[in-house]
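A closer look at the structure
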Amino acid sequence: MLESQLWQGMRQRDRRSLARLITRASRGLGIETIRRLGPPEKPARVFAITGSGGVGKSTLIGKLIPQFRERGRTVAVLACDPESPLTGGALLGDRFRMGAPLDDGVYIRSLAACSGRQAIADHLDAVIRLCEEFGFDRIIVETVGAGQGDTAVRAWADLVVLLLQPETGDELQWEKAGVLEIADLMVIHKADLPGADRVAQQVRSALEVAGGPVVPVLLVSSRTGQGIPELATALETLPSRSRRGDDRSAFLVDAQQMLIHRLQHPAATELLAKWRSGRIDIQEALRRLLEETSVSAQ
Amino acid sequence: MSHEPIRVVLAKVGLDGHDRGIKVVARALRDAGCHVIYAGLWQTVESVVRTVADEDADWLGLSILSGAHMTLVPQVMEALRQAGLEHVGVMVGGIIPEPDIPKLVNLGVSRVFGPGTPMHEIVEFVKSRRSAAHA
Ligand SMILES: Nc1nc2c(ncn2[C@@H]2O[C@H](COP(=O)(O)OP(=O)(O)OP(=O)(O)O)[C@@H](O)[C@H]2O)c(=O)[nH]1
Ligand SMILES: [Mg+2]
């Protein structure tokens, strides 16, 4: 179908046209047209749900959907799962976990994210813009997992929700990775399991030590329903980070992309080997990494 | 050039809770570079058609072990037509008696795969038909 017909379909609220335009955008096609749309008539609130694999992101999103619907909001979900860098294939299983309802006010779309590169699908900003143009009030993005790519999501989300769960050694992970900095809202998920209170305590004190803005910490269980309405209320009421003007996160995204790129440089491998064998110290290794892998050095 | 993976929705019908077969197919298609949306146990004809539409699928694969294929498949084909999704290819897998296969093909099913079908056969079929449709 022609692109103009798809845009015609969008205006008539034809879901197939939306779906097709999303496929195209995720492949980098038609991006210019989307950029030219300008600011949306009715901006959506965009939430990013992040956290390591298996923490319950999809299940929780499935529980949040009816909460938004009860509040009269339409919802689009963009669920990212990893794509194999070798084959380009992907198993997209989030939708199944969400128990997708048959409701015209809900759109769920599975997208593949190039694994090893980032936690969200390519051109996600354009895909979000399409959902906004279609008229969805709330857009929920499920990321692949907490970690390196997560700063990317900050650029597009009004609120970033980080999920942690008890008893997985997650505690250590988040302290190391500094992932607390990403979140506007912390959810201790699977609160039906033992140890949830302890994790909540740890997170609260870690946040206190870190200073910075106040980040709510909520205990939530998708299994029992504990904390779900409270989470929905928090998502509806917390002030948005000003996503489109957030040049700090845009900077972080670019810096991160640049570093990922540079780490693939042969000089980076050499420096790593030198550092591991003790021939240079870490400060020197980092300094030389920036020097020897710069564009001019390549 | 951006790559354009084939999008396949896999859904299973019936309450026998036996989803090993469909998961093996899902992995084989993934390893062949497809984007596979596992829709799980399908509740209603409407919900499977909604998934196909929203996910912009090129293929729908139905696993039917319950013996209800002659009632379910016509309903699915009709619902796809009504939703304007006749371009989506439909494959049926499961235990389908030989005489029913031509009937399903007559309804518009592209291919029926029996229980022992080698995975590469399914993969090759999906890939060849996609290129034919886009030629
Ligand atoms: N005990 C308990 N288990 C849960 C809860 N929510 C989800 N689970 C289980 O956690 C597992 C993972 O859930 P998912 O929703 O698939 O997790 P995810 O974070 O989306 O996983 P990925 O997309 O693979 O990163 C499933 O087996 C769920 O049944 C909960 O509130 N309590
Ligand atoms: Mg998930």
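Structure shown above.
Please read all numbers here as calculations on a predicted model, not as lab measurements. (Residues numbered from 1 in each chain as written. Chains lettered and ligands numbered in written order. Predicted model: local features only at pLDDT ≥ 70, side-chain atom pairs only at ≥ 80, totals over all residues. Heavy atoms only, no water.)

**Some details on the packing of helix α12 (residues 266–276) of chain A against helix α13 (residues 282–292) of chain A**
Residue and element names in this part refer to chain A. Let me state the cut-off plainly: Here the axes come from fitting lines to C-alpha atoms, over the contacting stretch only for helices, and the angles between their N-to-C directions go from 0 to 180 degrees. Put simply, DSSP marks the helices as runs of H or I at least four residues long and the strands as runs of E at least two long, and each gets a number from the N terminus on. For this classification, under 35 degrees means roughly parallel, over 145 means roughly antiparallel, 65 to 115 means roughly perpendicular, and everything else is oblique. In what follows, a contact means two residues having at least one pair of non-hydrogen atoms within 4.5 Å.
Remark: α12 packs on α13, axes separated minimally by 10 Å, with the N-to-C direction vectors making an angle of 170°. Relative to α13, the element α12 is oriented roughly antiparallel. Seen from α12, the contacting residues are Ala267, Ala268, Leu271, Lys274 and Trp275; seen from α13, they are Ile282, Ala285, Arg288, Leu289 and Glu292.

**Quick notes on the site of ligand 1**
Residues and elements named next belong to chain A. Selection criterion: Being near a molecule or strand, for a residue, comes down to having at least one heavy atom within 4 Å of it. Side-chain atoms alone can form a polar contact between residues adjacent in sequence; in general such a contact is a pair of N or O atoms within 3.5 Å, and within protein one must be able to donate a hydrogen while the other accepts it. Using a 1.4 Å probe, accessible areas were evaluated by the Shrake-Rupley method; residue-level cover was limited to the displayed protein chains. All amino acids are sorted into three groups, where Ala, Val, Leu, Ile, Met, Phe, Trp, Tyr, Cys and Pro are nonpolar, Asp, Glu, Lys and Arg are charged, and the leftover types, Gly among them, are polar.
Near ligand 1, the surroundings consist of 19 residues, among which Lys57, Ser58, Thr59, Asp192 and Ser222 are the closest. The side chain of threonine 59 places a nitrogen or oxygen atom 2.5 Å from an oxygen atom of ligand 1. Between aspartate 94 and ligand 1, the recorded distance is 3.0 Å, taken from a side-chain N or O atom to an oxygen atom. For ligand 1, whose accessible area on its own is 650 Å², the fraction buried by protein is 79%. The biggest single contributor to the shell around ligand 1 is helix α4 (residues 57–70), with three residues. Of the residues that constitute the shell around ligand 1, the class distribution is three nonpolar, eight polar and eight charged.

**Structural notes on empty space enclosed by the protein**
What counts here: The rule is simple: put a 1 Å grid over the protein atoms alone, call a set of points where a 1.4 Å probe fits but cannot get out a cavity, call an open set with protein on both sides within 12 Å along at least five of seven lines a pocket, and count a residue as lining if it has an atom within 4 Å of a point. Grid points are joined across faces, edges and corners, and a volume is the space filled by probe spheres set on the points.
For the structure shown, the criterion picks out one cavity of 30 Å³ or more. Its boundaries defined by the atoms lining it, the largest cavity holds a volume of some 40 Å³. Around the largest cavity, the lining residues are Arg15, Arg95, Ala100, Pro101, Val106, Tyr107 and Ile108 of chain A together with Arg50 and Asp54 of chain B. Those elements giving two or more residues to the lining of the largest cavity turn out to be β4 (106–114) of chain A together with α2 (45–54) of chain B. In terms of residue count, β4 of chain A provides more of the lining of the largest cavity than any other element does, three residues in total. For the lining of the largest cavity, the class distribution of residues is five nonpolar, no polar and four charged.

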